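Observations on chain architecture
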Amino acid sequence: MKDKTVWQWEISPNRPWYRLNLKELIQYKDLLLRFVRRDILASYQQTILGPIWVFLQPLFTTFVYFIIFSRVAKIPTDGIPPFLFYLPGSIIWSYYADCVTTTMNTFQYNAYIFNKVYFPRIIVPLSTILFHSFRISIQLLLFTGVYIFYSLHGTVLQFSWQILLAPFMIGIAACFALGCGLIVSVLTAKYRDLDNIMLFLLRLFMFAAPVVYPASLIPQKYKFIFWLNPLTPVIEIFRTSFFKPHPLPLFYLSLSLLTTMLVLVIGIILFNKREIQIMDVI
Amino acid sequence: MSKKLIQAQEISKYYRLGVLGSRSLKEDLKEWWRGKLNIPVEPDPESRRHIWALRDINFDVYQGEVLGLIGKNGAGKSTLLKIISRITLPTQGKISGNGRIASLLEVGTGFHGELTGRENIFLNGHIMGMKKKEIDLKFDEIVEFSGVARFLDTPVKRYSSGMYVRLAFAVAAHLDPEILVIDEVLAVGDAEFQQKCLTKIKSISREEGKTILFVSHNIQTIRNICDRALVLDKGRIITSGDSESVLASYIKMNRDQYLGTDYSKLPSLPGNEFIRIYKVELIPDFLDQNQVIDIRTALNIEFEFFYQAEESGKIQVNLQVFSASDELIFEIASESRALATGRIRGSAQIPGNFLNDGSYYISLSFLRNSTSRLFYLESCLYFDIEDFKGSMEFSGKWAGVVRPSFPVDLFQLTDPA
């Protein structure tokens, strides 16, 4: 019998890796935004300070960095007041780290939903990134406040036009985090050992980025490797644009962009290919 | 003939059993190295390492029909549902379809306890594939259907379980897909509400002309709701056709089935140095020709085992009856007796008009001196009890775990006007 029916959809064992269904993704836009809303609403339920925690977190971290790295270890901060120096680094770093850790647990945390309903799974990591982006935007307002406070109290700070690049820098961090998180989420779904290793590596990775020290501290011979890290130009450019005008490290910036895109594309392909198969082993 | 909406061809699903660990990693690496899955061609039902949950499933679903999928626990119903719902992939075969599918394998998927009822209506609606506009449009209807309007701005973790389910089902009932896939476990909550669910499902199909795929192991429900049915058994479709004739053969199949296990055919008897089980069987006292275990049927359980006696030790056997959701319904015990080493037969009876319709399983526990457990024979008997309503008008699922026929009487006190 000849079957001439045209089918709208098909379920078969093999999912071509290149078929990223953008149209479908757009159909689920409402779900994406609802997840973000859920996370925002849920994270401050039954807390006394509520949304103030968004501010307190970076302030506490920065304060600890200030004590340890500036007061005790006496690491120079390029002549910038240490507190002001650490604040943006710690904000951007924790944004990256939070995005990676939540994304890499996508399958474990959401198995109860994934086991009952279909929707493009990538909605979940995307919503995570958006949720953390919402937080970082508020935190950057805090940074601006502290920045203005310092300027008014006599600290000489020179910002340049590069501060306009800030959203772009955060965007790179977001894409890099999403890519890393997706790759790890697929790798750790079946064997969870990798989770522990990843958390450990992530902690070490912080010291490979100029979070608690300026990039100028890196000896010349390690400079290239150091700048290979996509987060280095992100944090460094963000900081110099606010504190000390500095020519844009265009070469490293494009390198960082390239690495980020590569990681992101690999992450999306892996995730897209494995998202449903993984449900059999969760 | 109406339009074909779903076409399933040669669907098979393979699962590897056992614990994931370094051993399975080794196998994974081997498979990855060879570039293909290492799946044995011949299904081996005895294997402990893998299982074919579904094998060569073919079926079509036509527009506007309600197709029932019936089978015992473990027949592959849930796996098939999951494949159609795109939660898991088939190992072989393909399903093609037209139209938007919504799957109700559970109500209230993704409900967040900290959020209010209002928020959760949107959250759950979006997860089920509804758009914001659709939910806005149906919001009042959903709230009214759920009957929790007063608590709309209370976090759902403060809801009673009944309210929670009502709200969840209300959202599900207002989905508007072309094809609806429904698991029977959906009809939860109290009897009145279950009735409401089933009525709603019926009206969705009759009045709105929706295509529905309904999964159940309850004959009565399938008969009530479905036009056509498929019987799944051990991962294969064994009959299909209009629901009346399919159900008739399903009932016949169950009747012919021997309920019990004769372990003496196996190479080794289950047990240990104290206890060895020969067999466990269920013998129903059928009431009529039909030979269906329904709620009126009394059930005899008989078992035989070898007992290695010890000095001044008494043997006692406890029998536990569990519901399909692993809830212990009751436990009954034999008297503790000083029996000698040798073969021992035991029997127990569950009277008719006692258990409600549903799936149950039995475990046996062998105790020394009523305290120390010698052996535990877990889930050795599975059986289903069918519904029997007689002349009763109510056609939904009767609530409760037990269903005794204790007398309830009504008297006319005032003279009729």
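Rules and cut-offs
Residues numbered from 1 in each chain as written. Chains lettered and ligands numbered in written order. Predicted model: local features only at pLDDT ≥ 70, side-chain atom pairs only at ≥ 80, totals over all residues. Heavy atoms only, no water. Helix = DSSP H or I, 4+ residues; strand = E, 2+ residues; numbered from the N terminus. Contact = heavy atoms within 4.5 Å. Areas by Shrake-Rupley, 256 points an atom, 1.4 Å probe, with all protein chains shown as cover. Pairing = 2+ DSSP bridges. Axes fitted to C-alpha atoms, helices over the stretch in contact; angles between N-to-C directions. Core = buried A, V, L, I, M, F, W, Y, C linked by side-chain atoms within 4.5 Å. Buried < 20%, exposed > 50% of the residue type's maximum accessible area, 1.4 Å probe, protein only. Buried area = accessible area lost by both parts, 1.4 Å probe. Salt bridge = Lys/Arg side-chain N within 4 Å of Asp/Glu carboxyl O. Polar contact = N/O pair within 3.5 Å; in protein donor to acceptor, adjacent residues only side chain to side chain. Phe/Tyr/Trp six-rings, centres within 6.5 Å; stacked < 30°, edge-to-face > 60°. Lys NZ or Arg CZ within 6 Å of the ring centre and 35° of its normal. Arc of directions from axis to C-beta. Parallel < 35°, antiparallel > 145°, perpendicular 65-115°, else oblique. Left-handed = near helix turned anticlockwise from the far one by under 90°. Nonpolar A, V, L, I, M, F, W, Y, C, P; charged D, E, K, R; others polar. Domains from an automatic or database assignment.

1. Focus: the overall build of chain A
- Within chain A, the regular secondary structure consists of 11 helices and 1 strand.
- Helices and strands appear in chain A in the N-to-C order β-α-α-α-α-α-α-α-α-α-α-α.
- Taken over the C-alpha atoms alone, chain A extends approximately 85 × 50 × 35 Å along its principal axes.
- Within chain A, residue pairs in contact and separated by at least 24 positions form 81% of the contacts whose partners lie at least 6 positions apart.
- Accessible area of chain A: about 14100 Å², with a carbon and sulfur share of 69%.

2. Things to note about the sheet that holds strand 5 (residues 101–104) of chain B
Residue and element names in this part refer to chain B.
- Here 6 strands make up an open sheet; going across it, the order is 5-6-7-3-8-9 and the pairing mixed. With one partner strand each, in any of the chains shown, strand 5 and strand 9 (236–242) form the two edges of the open sheet. Sheet twist, expressed as the average angle between the axes of neighbouring strands with direction ignored, equals 15°.
- Across 5 bridges, strand 6 (residues 179–183) lies against strand 7 (residues 211–216) in parallel orientation. The partner of I182 across the bridge, within strand 7, is F214.
- Helix 2 (residues 77–84) contacts strand 3 (66–70), strand 5, strand 6, strand 7 and strand 8 (228–233) of the sheet and is inclined by roughly 150° relative to strand 7.

3. Remarks on the nonpolar core
- Ranked by size, the top nonpolar core spans 129 residues in total, and within it Y96(A), F119(A), F143(A) and I121(B) carry the most contacts.
- By residue number, the principal contributor to this core is helix 7 (residues 166–190) of chain A, which donates 15 residues.
- Once residues within four sequence positions are removed from consideration, Y96(A) is found in contact with A173(A), F176(A), A177(A), C180(A), L202(A), F205(A) and L231(A).
- Membership of the second largest hydrophobic core comes to 34 residues, among which are I301(B), F303(B), Y360(B) and L377(B).

4. Digging into the interface of chain A and chain B
- In this complex, chain A contributes 40 residues to the contact, which on the side of chain B involves 49 residues.
- Both faces combined, the contact of chain A with chain B buries some 4000 Å², and carbon together with sulfur accounts for 59% of it.
- Of all residues in chain A, W9(A), I11(A) and R34(A) give up the largest surface area on contact with chain B, accounting jointly for 20% of the area buried on that side.
- The interface formed by chain A and chain B holds 5 salt bridges in total.
- Between R37(A) and E119(B) there is a salt bridge, with its nearest N and O atoms 2.3 Å apart.
- Where chain A touches chain B, the interface holds 13 residue pairs in polar contact (both at pLDDT 80 or more).

5. Quick word on the packing of aromatic side chains
- Inspection of every chain in the model, using the stated rule, returns 37 aromatic pairs over all chains.
- With a centroid separation of 5.0 Å and an interplanar angle of 85°, the aromatic rings of F143(A) and F242(A) are classed as edge-to-face. Of this pair, F143(A) sits in helix 6 (residues 123–152) while F242(A) sits in helix 10 (residues 231–243), placing them 99 residues apart in sequence.
- An aromatic cluster is built from F35(A), F107(A), F114(A), F119(A) and F271(A), whose rings are joined through pairwise contacts.
- The positively charged end of R296(B) is found above the aromatic ring belonging to F388(B), 3.5 Å away from the centroid.
- One residue, R373(B), lies across the ring of Y376(B), its end atom 4.1 Å from the ring centre.

6. Thoughts on helix 5 (residues 106–114) of chain A
- All of the buried residues along helix 5 of chain A are T106(A), F107(A), N110(A), A111(A), I113(A) and F114(A). Angular distribution of buried residues about the axis of helix 5 of chain A spans 165°; they occupy a single face of the element.
- Against the buried residues of helix 5 of chain A lie helix 2 (29–43), helix 4 (82–104), helix 6, helix 7 and helix 11 (250–274) of chain A together with helix 3 (117–127) of chain B.

7. Re the sheet that holds strand 16 (residues 358–368) of chain B
All names here are of chain B.
- Pairing in this open sheet of 4 strands is antiparallel, and the strands run 14-13-16-17 from one edge to the other. Strands with a single pairing partner mark the edges of an open sheet, and in this sheet they are strand 14 (328–333) and strand 17 (372–385). Geometrically, the sheet is characterised by an average inter-axis angle of 20° between neighbouring strands, direction not taken into account.

8. Some remarks on the side chain of N318(B)
Residues and elements named next belong to chain B.
- With respect to the secondary-structure elements, N318 resides in strand 13 (residues 315–323).
- Within the structure, N318 has its side chain in polar contact with the side chain of E331 (distance 2.9 Å).
- Once you skip the residues sitting within four places of it in the chain, N318 turns out to touch E331, I332, A333, S334, S363, L364, S365 and L367.

9. Description of the packing of helix 6 of chain A against helix 10 of chain A
All names here are of chain A.
- As a packed pair, helix 6 and helix 10 sit with axes 12 Å apart at the nearest point and diverge in direction by 30°. Accordingly, the angle class assigned to the pair helix 6 and helix 10 is roughly parallel. Handedness of the crossing formed by helix 6 with helix 10: right-handed. Listed contacts from helix 10 to L140, F143 and Y147 of helix 6 are F238, F242 and F243.
- Residue composition of the contact of helix 6 with helix 10, by class: 6 nonpolar, no polar and no charged.

10. Focus on the domain arrangement of chain B
All names here are of chain B.
- Splitting chain B by domain gives domain 1 (4–100 + 177–254) and domain 2 (260–385).
- Domain 1 puts 5 residues into the contact, and the matching count from domain 2 is 6 residues.
- At the boundary of domain 1 with domain 2, total buried surface from both sides reaches about 430 Å², with 44% on carbon and sulfur atoms.
- Considering only the surface of domain 1 that becomes buried against domain 2, N73, H217 and I251 emerge as the three largest contributors, covering 67% of it.
- On the surface where domain 1 and domain 2 come into contact, there are 0 salt bridges.
- For the side of domain 1 that touches domain 2, the residue count by class is 1 nonpolar, 3 polar and 1 charged.

11. Details of the pattern of salt bridges
- Throughout the structure, instances matching the rule amount to 25 salt bridges over all chains.
- The salt bridge partner of K13(B) is D280(A), with a shortest N-O separation of 2.5 Å. Taken together, the positions of K13(B) in strand 1 (residues 4–16) and D280(A) in the segment after helix 11 put the pair across two chains.
- Taking relative accessible area as the criterion, K13(B) reaches 2% and is therefore assigned buried.

12. Some thoughts on the pairing of strand 12 (residues 298–307) of chain B
Residues and elements named next belong to chain B.
- Strand 12 sits mainly inside the fold: 8 of its 10 residues count as buried.
- Bridge count for strand 11 (residues 275–285) against strand 12 is 10 bridges, and the pairing is antiparallel. Note that in strand 12 the partner of I277 across the bridge is F305.
- Where strand 12 lies against strand 15 (residues 342–350), 9 bridges are found, and the strand directions are antiparallel.

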